[in-house]
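Residue-level structural notes
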Amino acid sequence: MSGFEGVIVSDTWLQSQFTQVELRTLKSRYLSIRNQSGRVIVGDLPPVFAKLKAFTEMFSEDEVRGILLESNKDSGEEIDFESYLRAYLNLQARATAKSGGSKSSFLKATTTTVHHAINESEKSSYVAHINSYLAEDSFLKKFLPLDPSTNSLFDLAKGGVLLCKLINVAVPGTIDERAINTKTSLNPWERNENHTLCLNSAKAIGCTVVNIGTQDLVEARPYLVLGLISQIIKIQLLADLNLKKTPQLVELVDDSKDVEELLGLPPEKVLLKWMNFHLKKAGYEKQVTNFSSDVKDGEAYAYLLNALAPEHSGPAALDKKDPTERANLVLEQAEKLDCKRYLTPKDIVEGSPNLNLAFVAQIFHHRQETGLLKNGLTTDSKKMSFAEMMTDDAETSREERCFRLWINSLGTATYVNNLFEDVRNGWVLLEVLDKISSGAVNWKKATKPPIKMPFRKVENCNQVIEIGKELNFSLVNVAGNDIVQGNKKLILAYLWQLMRFSMLQLLKNLRLHSQGKAGKEITDVDILNWANKKVKKAGRTSQMDSFKDRNLSSGVFFLELLSAVEPRVVNWSLATKGETEEDKKLNATYIISVARKLGCSIFLLPEDIIEVNQKMMLTLTASIMYWSLQQPEGESESSLNSPDGSPTASADGETGLASAVSKLSMDGAASDNATSPHIENENPSKVENEQSSLENEKNDPSDGK
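Residues numbered from 1 in each chain as written. Predicted model: local features only at pLDDT ≥ 70, side-chain atom pairs only at ≥ 80, totals over all residues. Heavy atoms only, no water.

1. Notes on helix H23 (residues 427-436)
- The buried count for H23 comes to ten of ten residues, which makes it a mostly enclosed element.
- Inspection of H23 places Trp427, Val428, Leu429, Leu430, Glu431, Val432, Leu433, Asp434, Lys435 and Ile436 among the buried residues, and these make up the whole buried set. (Buried < 20%, exposed > 50% of the residue type's maximum accessible area, 1.4 Å probe, protein only. Helix = DSSP H or I, 4+ residues; strand = E, 2+ residues; numbered from the N terminus.)

Below, the structure written as structure tokens:
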């Protein structure tokens, strides 16, 4: 078995400037140039760098050439990989300076090479959060409390258990904790499994992790670890800021049109709306539009606390002229409410956006002693009933969640908060299409939000439909205006076809890379036959007739399939026969975590397995197949238990359908399987043998299209 070490650079500082994902991408680009000419010279770089997404909007090819020649006078000079990386960093610094600097956000935390500084105040707050919420965890309590003044947070994060547990605090039940490796001493393989499980689960709750690999977490790079933790904590704090979880939020709006608008707002915007609602009632005349400059003087906080809990507040804070003194009083009043102190007076005065947002979210969650519901909202039964009517049924909600998370995992520029609202202008769908089918979108005919003219939205959506038809989607009597109008049924149908097309293309491209020829299209039937053959070859008895086979609800078939592709990944002592509803639930939750631990990027829920949602059954099977076909021939339990315990390259957290489609490369091109770090190490003969077996087994079961 091949050990996974990542791309190693001799200069440790240079190594620290890149994530493993970025290093692998840049290395593949460098090698592709060298393979064409036998060596790489300075003159080869301008056309390559000019096409990278990081630079394409900033520099022309001639400008890139000029910058490179400032430090390399001879365009014919040969350049090694480390010099290539330095040239990239130099160009990146120029791009940052030209754009006036880059801004980071809490949700899309800084995971690029532009900002590597650690915010010690944020670190202290996150450590306090972890100490509070995980203090009683059976495994972690022997390591807690962590000291924020040391590197104990990063040392503990190296094992992967901490981040997995933190994800479960944010969204309970995301990870089946039976799948976490919690031995005191983990070998490299077990540690890598934990990080792979962590990254795939983080994507499954809405984190953006396209620039983080397991090797980055093994090394516990502080800026990446803190970036991931900040996203997880934010998701936890903002989880209830929607009408489904908190229908009382309907009090913030006046009519049905406003309710629709509220449904489409991201959680942080809802939090601002809630804050301004109370500030207005308290007589505060300004509008708070952000969690930074608008709260730096502390006045808004003083008014907010006085409105929510006048018995613990008062005019004292407002009487203070010095912002730091006022911030001190605000936090003293907040302590009386048992609100955790996510920030210091300095953080308020300096306008730390992440910590101020966390502080306001904590106030929102506070349950007042006056008898009102938490967050200071009253119960208007008529309004609440209307809000509940506006939310979707369970199955629609699950599909909306799946497609929303899948889109966000692709690393598109636009983050989707509410699927049905955010796709209506067509722009997000065009971004996804550009990821899935590079070059399909005519950007000259597209209009970027904000879009004021309604017909521009229709134009975007018409192009979405046109591209869908070119990709052979079933779109009879469907027009762009159906998307603009927010037709949920049609939006879900389109996105399912897009997701399915993406999966089948990945498998087809894998065959193309391994055999050097495109061959025929991969079908749902091929995936089903591959899974049945794999299970049978492993000596198991389960088989599925179709992706809607009711027997799949027990979970036994998928446990046997996972065990067939990787014998050591399933602990059979934890599996059940799936005969009762409780046993089915246990199996389903375990299956999802084991698949993510293996390296599959999937977004289904246990209910999808229990209810045999045929779409989700197909995505799960295809993801396992994609992972399996990338493994070197001869992978076996004996090889996996090698003396050094080293993991295969595929144990890196980027494996799986979503990550393979995503634009991990910095050029913004569609996923290039020919240069994928995982596919580079595959054994072509193994893929060819498995693919040819697909073509020889042609049953015709229902395929769940």
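So that's the structure; there's more coming.
2. Some points on the packing of helix H9 (residues 161-170) against helix H12 (residues 222-237)
- Put simply, H9 and H12 touch, their axes get as near as 8 Å, and they point 20° apart. Between H9 and H12, the angle falls in the class roughly parallel. Regarding H9 and H12, the two cross each other, and that crossing is left-handed. In contact with Leu163, Leu166, Ile167, Val169 and Ala170 of H9, H12 contributes Leu228, Ile229, Ile232 and Gln236. (Axes fitted to C-alpha atoms, helices over the stretch in contact; angles between N-to-C directions. Parallel < 35°, antiparallel > 145°, perpendicular 65-115°, else oblique. Left-handed = near helix turned anticlockwise from the far one by under 90°. Contact = heavy atoms within 4.5 Å.)

3. Considerations on the pattern of salt bridges
- Scanning all chains against the criterion turns up 25 salt bridges.
- Here Asp216 makes a salt bridge to Arg221, at a shortest N to O gap of 3.5 Å. As far as burial versus exposure is concerned, Asp216 and Arg221 are alike and both buried.
- Ionic contacts of the salt-bridge type, sharing partners, join the residues Glu61, Asp62 and Arg65 into one network. (Salt bridge = Lys/Arg side-chain N within 4 Å of Asp/Glu carboxyl O.)

4. So, the packing of aromatic side chains
- Under the criterion given, the structure shown has 13 aromatic pairs.
- Note on Phe81 and Tyr84: the rings are 6.1 Å apart at their centroids and 25° apart in plane angle, and the pair reads as stacked. With Phe81 and Tyr84 both in helix H6 (residues 81-99) and three residues apart, this pair spans about one turn of that helix.
- A relative accessible area of 10% means that Phe81 is categorised as buried.
- What makes Tyr84 buried here is its relative accessible area of 0%.
- Between Phe557 and Phe558, the aromatic rings sit 5.7 Å apart at their centres with planes inclined by 80°, giving edge-to-face as the arrangement. Of the two residues, Phe557 and Phe558, both sit in the buried class.
- Following the ring pairs from residue to residue traces out a cluster consisting of Tyr30, Phe49, Phe81, Tyr84 and Tyr88.
- Taking the ring centre of Phe81 as reference, the NZ or CZ of Lys27 above it sits at 4.8 Å.
- The ring of Phe139 has Lys142 lying over it, and the distance from NZ or CZ to the ring centre is 4.1 Å. (Phe/Tyr/Trp six-rings, centres within 6.5 Å; stacked < 30°, edge-to-face > 60°. Lys NZ or Arg CZ within 6 Å of the ring centre and 35° of its normal.)

5. So, the environment of Gln333
- In this structure, Gln333 sits in helix H17 (residues 323-336).
- For the pair Gln333 and Leu305, spaced 28 residues apart in the sequence, the C-alpha separation amounts to 7.6 Å.

6. Description of the side chain of Arg221
- With respect to the helices and strands, the residue Arg221 is situated in the loop between helix H11 (214-218) and H12.
- For Arg221, the side chain forms a polar contact with the side chain of Glu219, separated by 3.0 Å. (Polar contact = N/O pair within 3.5 Å; in protein donor to acceptor, adjacent residues only side chain to side chain.)

7. Overview of the packing of helix H27 (residues 524-537) against helix H31 (residues 614-629)
- Where H27 meets H31, the axes come as close as 10 Å, and the angle between the chain directions of the two elements is 65°. Looking at the two axes, H27 sits roughly perpendicular to H31. Crossing angle aside, the handedness with which H27 passes H31 is left-handed. Residues Asp524, Ile527, Trp530, Ala531 and Lys534 of H27 pack against Leu618, Thr621, Ala622, Ile624, Met625, Ser628 and Leu629 of H31.

8. A short note on the environment of Lys321
- Turning to its location among the elements, Lys321 is positioned in the loop between helix H16 (316-319) and H17.
- Linking Lys321 and Asp297, residues 24 residues apart in sequence, is a C-alpha distance of 9.3 Å.

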